[in-house]
Amino acid sequence: MLKLDFDRNEIEKVIDKIVRKTMNMDLTWDWPCGVAYYGISVY
């Protein structure tokens, strides 16, 4: 099986950046923003 090497801190930084960008978007409540908000709430 393939071993995946990653830096957990770097991944968390990227996720935090995505969350900040998503929360600052001017989205009407629709399918795309619902999926985005669900994704960041799971994180």
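All of these numbers come straight from a predicted model, not from anything done at the bench.

(A) Spatial organisation of the environment of Asp16. Structurally, Asp16 is set in helix H1 (residues 8-23). Given a relative accessible area of 32%, Asp16 falls into the partly exposed group. Asp16 sits 20 residues away from Ala36 along the chain, and the two C-alpha atoms are 13 Å apart.

(B) Just a nonpolar patch on the surface, in detail. A surface patch of nonpolar side chains, about 340 Å² in accessible area, is lined by Leu4, Phe6 and Ile11. With respect to the helices and strands, Phe6 occurs in the segment before H1. Classification of Phe6 by relative accessible area gives exposed; the value is 55%.

(C) Representation of H1. Helix length check: H1, at 16 residues, gives a terminal C-alpha distance of 22 Å against a target of 22 Å (1.5 Å per residue), a fit within 8%. Capping the start of H1 is the job of one residue whose side-chain oxygen sits 3.2 Å from the backbone nitrogen of Asn9: Asp7.

(D) Fine view of the pattern of salt bridges. Counted according to the given criterion, the structure contains two salt bridges. Arg8 serves as the salt-bridge partner of Glu12, at 3.2 Å between the closest nitrogen and oxygen. Of this pair, Glu12 and Arg8 both sit in helix H1, four residues apart, which is roughly one turn of that helix.

So, how was this worked out
Residues numbered from 1 in each chain as written. Predicted model: local features only at pLDDT ≥ 70, side-chain atom pairs only at ≥ 80, totals over all residues. Heavy atoms only, no water. Helix = DSSP H or I, 4+ residues; strand = E, 2+ residues; numbered from the N terminus. Buried < 20%, exposed > 50% of the residue type's maximum accessible area, 1.4 Å probe, protein only. Patch = residues over 30% accessible without salt bridge, like charges linked within 9 Å, V, L, I, M, F, W, Y side chains within 5 Å. Areas by Shrake-Rupley, 256 points an atom, 1.4 Å probe, with all protein chains shown as cover. Salt bridge = Lys/Arg side-chain N within 4 Å of Asp/Glu carboxyl O. Expected span 1.5 Å × (residues − 1). Polar contact = N/O pair within 3.5 Å; in protein donor to acceptor, adjacent residues only side chain to side chain.

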